[in-house]
Every structure is written in C-alpha cells, then in structure tokens.
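Residue-level structural notes
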Amino acid sequence: MEDCMTLQPKPSRSRLDPEPMPRRDWLGLSSLWAMAGALLFGLVGMIRMPKAAVLPSPSKKFKVALPENLPPGEPFVPPGRAVAIFKDPDGLYAVSMICTHLGCVVKANPEGFECPCHGSRFHADGAVARGPAPQPLPWLKITASGGVVTVDEGSTVRSGTKVAG
Amino acid sequence: MNQSTTPNHALRAFWQDLKLAPRRVYETAFRGGPPTTDRTRSTFVFGNVFLHLHSVRTHRWSLKWSTTLGLGIMSVSAFLITLITGVMLMFYYKPYPDVAYESIKDIHFVVPTGRFMRNIHRWAANVMVVAVILHMARAFYTAAYRRPREFNWLIGIGLLATTLALSFTGYLLPWDQLAYWAITIGANIAQSPREITDALGITEYFDPGGFQRLLLLGSDTVGAEALIRFYLLHVMILPLVIAALMAVHFWRIRKDGGLARPADADERLARCREQETYPVFTEAPNKTYHLAAVVRGKTPLVGRGPENTVPSMPHLFYAELGVLMLTFLVCVVLSLASDAPLKELANPNVPENPAKAPWYFLGLQEMVSFSAFMGGIGIPTIALLGLALIPYLDRETEGTGEWFGGPGGWPLVRFSMVVGLCAPLLVESFAIRFGWLREWFPGIPQLVITLVNPATILTAAYALFSLWAVRRFQSARAGALALFTCFLCGFVVLTVIGTYFRGPNWVFYWSPADWPKH
C-alpha cells in the first residue's frame, strides 16, 4: 500500500536517460569498437598489398667501357643511362644525372649540368648552382678494372670519392 | 467454360492483347500518364528512379539563368560525356608501355571514329575542369555555401580534387613524351615531403614522400607498374569515388531545400511576374508535401506555401536538357576544330623540353619551380584548407543567394581582383628579373628557400590582404570575398605565365618565337 502511494515516484529510466552502463550498451559499444578495429586492421593489410616489397625495375648495376682518351673534366654519358662518368688525374667518379628536384634527366653543358624541366643548374661536381633543386646531384658507387667501369645507380657515395682507374 | 463457346474466341483475345502489348509496356513503364497536369507532372518525377533526385516542384528563383548559369549541370554533362567516350576508348586501349602508345595511335589513325571519340573525351575533360572551377566560383560568389549547405561545399571541394585527379591520371595513358615526363614530375611531387625530411635529416626514419611515390608508381621508376596503376585509378577507382561524391552532392541539394536564394526571393519574384501562379493547393501532388511534415530546419517548404514554385517537369528538366545539349555541342565543335595531341613515344632518357603538365596544373608547375614541396603540396593544401574553412568562418546571413552579396560586395571584389592580379605579377617579375635567394647566397639552407620563395610570399600576401578585409569591413564574408578572388586571380596569372611565357629549361620568354632552336 505504502509503495503505491509514494508522492515522489521513482524516476523511470529510459534509453535516453540511461543508467551508467547497461549490459546491452556495453555489448553494443564493444561490438562497434571490434568492428572499427577489424576495419582498421583490414585497411592496413590492404595498403600492404599495393606497396611493392620487390621493385620490378631492371638492375641498377651496369658495366661500361670508357673511351680511350677521355679528357679530364669531360663527362662520358653511357648510352641509355642517366649517369655522367668523369676521369681526372685523381681517379674516376660518376655523378647521377637525375635532377634532385623532380626527377627529370639533366643535360651536361660546359659549366656542369642543366635541368630542362624547372631550370635547376648544377656545377660539374653536382653541387647546386641555382634553381629549385634541394640537393646536389649524388655521386654513385663505382668500381674500375682495366678500362671497364661498373656503376651502381642504386647506391650513392660521399661527393668527392674518386676511384683509381 | 462459357467464354470458350467458339474455338476462335481465345485466339482473338490473344491477338488483341498482342496488338495492345506495346502500349501496355509504355503505360506500365510510365504509370502516371502523360505529364500534362500538375498532378501527373508530379508523378512523372517521383515515379521515376532517375528523376526523383529532383523535387517535384522547383522554385522560380532557381530557374533564373543568373542564379547558376547552368554550371553544375554543365559539369555533370561533361562527366557523362567523358564516361561514355571513355568506355568506348577502352575497347581498344591496352595499358602496357609502348603497346599503349601504339593503341592510342591505332585509335587516332585506324579505328573508325576513334580520333573523334578521343577528341571528345579530351575536350569534355577540359570542359569539366573549367565548369567545375566556375561552378565553385558561382557557389562562392552567391554565398550558397552558407547554412545549411556548409557540408555540401566540402563535398564540392572533394569533387574538384577528384576531377583534377581524373584528368591527371588520364594524362599518362597515351605513354608519349608529354605523358611520361608529366607523370615523372607528378610522382616526384608526391615524394617532395623529402625536401623537408631531408633538411631535417629524418628521411631514414620517417619518409612519407617516398611512401607516397612508391604507392603511386609501384616501383622506383615510371614503368609498366605505374601505367597499370594510373589506368586503374582513371577507369575504376576515381570514377567510383566521383560518382559517390556526386550522389551525395545532389542528394544534399535536395535535402537542403534546393538552391540557395535570397530571403526575400518570393517578394522580388512577385514584383516582376504576378500573373504566373499555379493552383498548387487545388491540384496538389498526392505525395510530396506530406513528406515536408517530417523535414526539420530551414527548408523552404516548411512554413510557407509553394507559391513561387513551378513543376520541375517540364520547366527544370528542359532547362537541364538544354545545358546538356549545349555542353555536347561545345565538345563536338572543339573536337572538330582541334585534335588531341600525341607526341613521340616516351623516352625515359630525354625529357621533353619544356615538359609541361596539363594547362590547369601549369600554375602549380610555376610554383613548383621555386620549391617542389611548397609549390606541389604545401600551398595547394593551404589553399584547399582555406576554401574548406570558408563556410565555417563566414556565419553571416546578409546577401545569401545574391551575386557578390555581403559587406564590401562588388567594389571589394573589384579591388581584390586588382590586388590578386598585381601581387603575382610583381613577385614573378622580381624573381624573373633578379633571381632568388640561391643566386645571391649560394650556401643558403634549403629550409629557408622552402619557407621563403615567391610562392609562399604570394600566399602570405593574399592571407594578409584578406585579414585586412575582415578588419576593414568587420566581416568574415568580406575576408572570404577577398581571399577567394585572390585565389582565382593567382590561379589565372600563374597558369598564364606557365602556359605562354615559359620555354625550354623553364626560362621566361615573351613569346615561343624567341625559344632557342635546339
């Protein structure tokens, strides 16, 4: 009797005015988070596939015979390669001819190199003379035996590293 | 039993039904009957899955030419044209280096109507880029991005970016010199965050640039992998993205109560055309208006009668059809007048000189020639962010739906045009005449050039000018007017310089006639 006559009825709880964490909400939330986690996991997996692990490009190493009388300071560009090989009294060295700005192939000129795409200029040792290129042209790893030079376009050496040849 | 008293009765009925079949197919397909009354015109719209994206009745303000100039429909029309011609081109195109070039050559010279299809595809893509940019300008200058349309403005920016991405991915597919070097440059722009990470010396540990490039090319050089990826993006991924964005874009126009219009649009229309009122309440369509009861917010159909609306069929649809036909005409005429270019086969050893991107990216290329990261990624990101923020910073209501509405108005836009055109001309002529930091201080760190170059100075100048406009007119809308006008003018000036005044080695020339011969 007394229970029925209370003046202040118990506040009824609804989904809009919930108790701290009903079991149903907990289940719902945890399944939502489980789904979000699974989607994220799947997304990472999906990005792994187009990010190639083995690059399909041809070998970066090549061998080339130097011309007999290569004057010092004169670049020798093997046909079909973007590499300039120089010979001077200190030895041999190779400078990459791929512009460090946006990847165009630079052209050798009497002062060094010039890029046709956005006008970067480089000195003969690869240092930036002017233009937007952020880095000097890298020197490439080479080995020489006899008149034959092996250039590895995939690995760079510190500028100024010359090889006896 | 009684019906078949004569053996021929069933056959006669069968013959009658056969004769009536075509008409019955028509009647069952278009159940509402011919759209001759307001009621059947309504059924015509909401009884059709393709048309019911439109509302049954359209406000007369939306139908005025000066409201939209038809630019949105023109963008969609151009997209539909590229879609159809693109599918036609896929019959012959083969995405493999060298073979791709041959197949484009076949399309151009051998395949019946191939050259015409390719021309239309290319011209419609160009028309789409122009129309999308102008459509954005229209939506901006009529302040159509305001509440409740803020989010649709963001979707629109997504559509702009996707349109440009579609065009750019299509640029590689012919595998000619132009394509190859544009993609080389594009992929290296994706790699250009290295400009920052290299300067900080952290590329070894954190290399988002290299990751982006690898994801784009699938290799470390532009080759077969890159071609198939760009092809996949161009014919599958990006069209799906743009279709989804378009669906949301259109649906929201409908949900936001049609096109934006001035608050007093009804009064203004009533002043000029009193006689044309439609008996909407006596012949009300039997479906749409009870939906209005569950629509919340400031949609125009709530709280006022649809006095100034006309049936979408025929008024809106015929106008849309007219714009579609006009777009088609423009594309066909341009295709007959000028062929899509095809240069020599791609040669990875000798860059095209000058190697120019498609025209709408030449402004970017101009900025890239100062700093790869800032011009290619930094400033475009800032510009897109600035555009995206506009509806969330301009919370005013004055002048919605009116050309150049808001504090300052047309005089401010005119002044902004002067500033927007002069600033890039000044900065560019200084840089062309006197060179830039590296010429004066050869040993200067790259980070300084990345941060201080003509492109960043121009961006800063525009930003400062817009802040001045906010202060001067005490209004965020005034700042937005200044900023957007500057953005458009800067885009035009840089694009024109990149297109007409840059020659071999990206050197400034007054005319291509002055270019060195070799």
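Residues numbered from 1 in each chain as written. Chains lettered and ligands numbered in written order. Predicted model: local features only at pLDDT ≥ 70, side-chain atom pairs only at ≥ 80, totals over all residues.

So, about the overall build of chain A. When you go through chain A residue by residue, the secondary structure sums to 1 helix and 9 strands. For chain A, the α and β elements follow one another from N to C terminus as α-β-β-β-β-β-β-β-β-β. The burial tally for chain A puts 25% of its 165 residues in the buried class. Contacts in chain A between residues far apart in sequence, at least 24 positions, make up 35% of those at least 6 positions apart. (Helix = DSSP H or I, 4+ residues; strand = E, 2+ residues; numbered from the N terminus. Buried ≥ 20, exposed ≤ 12 C-beta atoms within 10 Å, placed from the backbone. Contact = placed C-beta atoms within 7 Å.)

This brings us to the environment of Leu 164 of chain B. All names here are of chain B. Tracing the chain through its elements places Leu 164 in helix H8 (residues 150-172). Using a count of 19 C-beta atoms within 10 Å as the deciding quantity, one classes Leu 164 as partly exposed. Leaving out residues up to four positions away in the same chain, Leu 164 has contacts with Val 129 and Tyr 360.

The next subject is the sheet that holds strand E9 (residues 148-157) of chain A. Residues and elements named next belong to chain A. Taken together, the 5 strands give an open sheet; going across it, the order is E1-E9-E8-E3-E2, and neighbouring strands pair in antiparallel fashion. In this open sheet, the two edge strands, each paired with only one partner strand, are strand E1 (61-65) and strand E2 (83-88). Between one strand and the next, the sheet's axes are offset by a mean angle of 30°, whatever the strand orientation. Here E2 pairs with strand E3 (residues 91-96) via 6 bridges, running antiparallel. Along E3, the bridge assignment pairs Val 83 with Ser 96. (Pairing = 2+ DSSP bridges. Axes fitted to C-alpha atoms, helices over the stretch in contact; angles between N-to-C directions.)

This part is about unusual backbone geometry. The bulk of non-glycine residues show a negative phi, and the bulk of peptide bonds are trans. Residues and elements named next belong to chain B. Cis rather than trans, the peptide bond between Met 313 and Pro 314 has omega equal to 10°. Within the secondary structure, Pro 314 is located in helix H15 (residues 312-337). Of note, the bond from Asn 353 into Pro 354 is cis; its omega dihedral lies within 30 degrees of zero at -5°. The phi dihedral of Gln 474 falls on the positive side, at around 50°, and the residue is not glycine. Its place among the elements puts Gln 474 in the loop between helix H21 (454-473) and helix H22 (476-500). Even without being a glycine, Trp 506 presents a positive backbone phi close to 55°. Note that Trp 506 resides in the segment after H22. Overall, Trp 506 belongs to the buried group, with 23 C-beta atoms counted inside 10 Å.

Before going further, it helps to spend a moment on the confidence of the model for chain B. All names here are of chain B. With 92% of its residues at a pLDDT of at least 70, chain B reaches an overall mean of 87. Confidence scores differ between elements of chain B, with helix H14 (residues 288-291) showing the lowest mean pLDDT of 48 and helix H5 (residues 71-90) the highest of 96. Note that pLDDT drops below 50 for residues 299-303; the model gives that stretch 9 contacts with residues more than four away or on any other chain. This complex was scored by the predictor with a pTM of 0.88 and an ipTM of 0.80. (pLDDT = per-residue confidence, 0-100.)

Let's shift gears to helix H9 (residues 177-190) of chain B. The first and last C-alpha atoms of H9 of chain B sit 20 Å apart over 14 residues, in line with the 20 Å expected at 1.5 Å per residue. Among the 14 residues of H9 of chain B, 13 are classified as buried, and the element is accordingly described as predominantly covered. (Expected span 1.5 Å × (residues − 1).)

Right, let's get into the pairing of E3 of chain A. Residue and element names in this part refer to chain A. Most of E3 is tucked away, with 5 of its 6 residues classed as buried. A loop of 2 residues connects E2 with E3, the two strands running antiparallel in sequence. Pairing between E3 and strand E8 (residues 139-145): 2 bridges, direction antiparallel. When the bridges of E8 are listed, Ala 94 appears paired with Leu 140.

Moving on: the interface of chain B and chain A. With 34 residues of chain B in contact, the opposing surface of chain A contributes 23 residues. Of all the secondary-structure elements, those providing two or more residues to the side of chain B that touches chain A are H9, helix H10 (194-200), helix H11 (208-217) and helix H19 (437-440) of chain B. No other element matches H9 of chain B, which puts 5 residues into the side of chain B that touches chain A. Looking at the side of chain B that touches chain A, its residues break down into 15 nonpolar, 13 polar and 6 charged. (Nonpolar A, V, L, I, M, F, W, Y, C, P; charged D, E, K, R; others polar.)

In this section: the domain arrangement of chain B. When the parts of a complex come together, some accessible area is lost, and that lost area is often taken as the interface size. Residue and element names in this part refer to chain B. Here chain B is partitioned into domain 1 (62-263 + 314-352) and domain 2 (372-518). The gap between the C-alpha centroids of domain 1 and domain 2 is 23 Å. For the side of domain 1 that touches domain 2, the element with the most residues is H8, which contributes 4 residues. Here the side of domain 1 that touches domain 2 is composed, by residue class, of 15 nonpolar, 2 polar and 4 charged. (Domains from an automatic or database assignment.)

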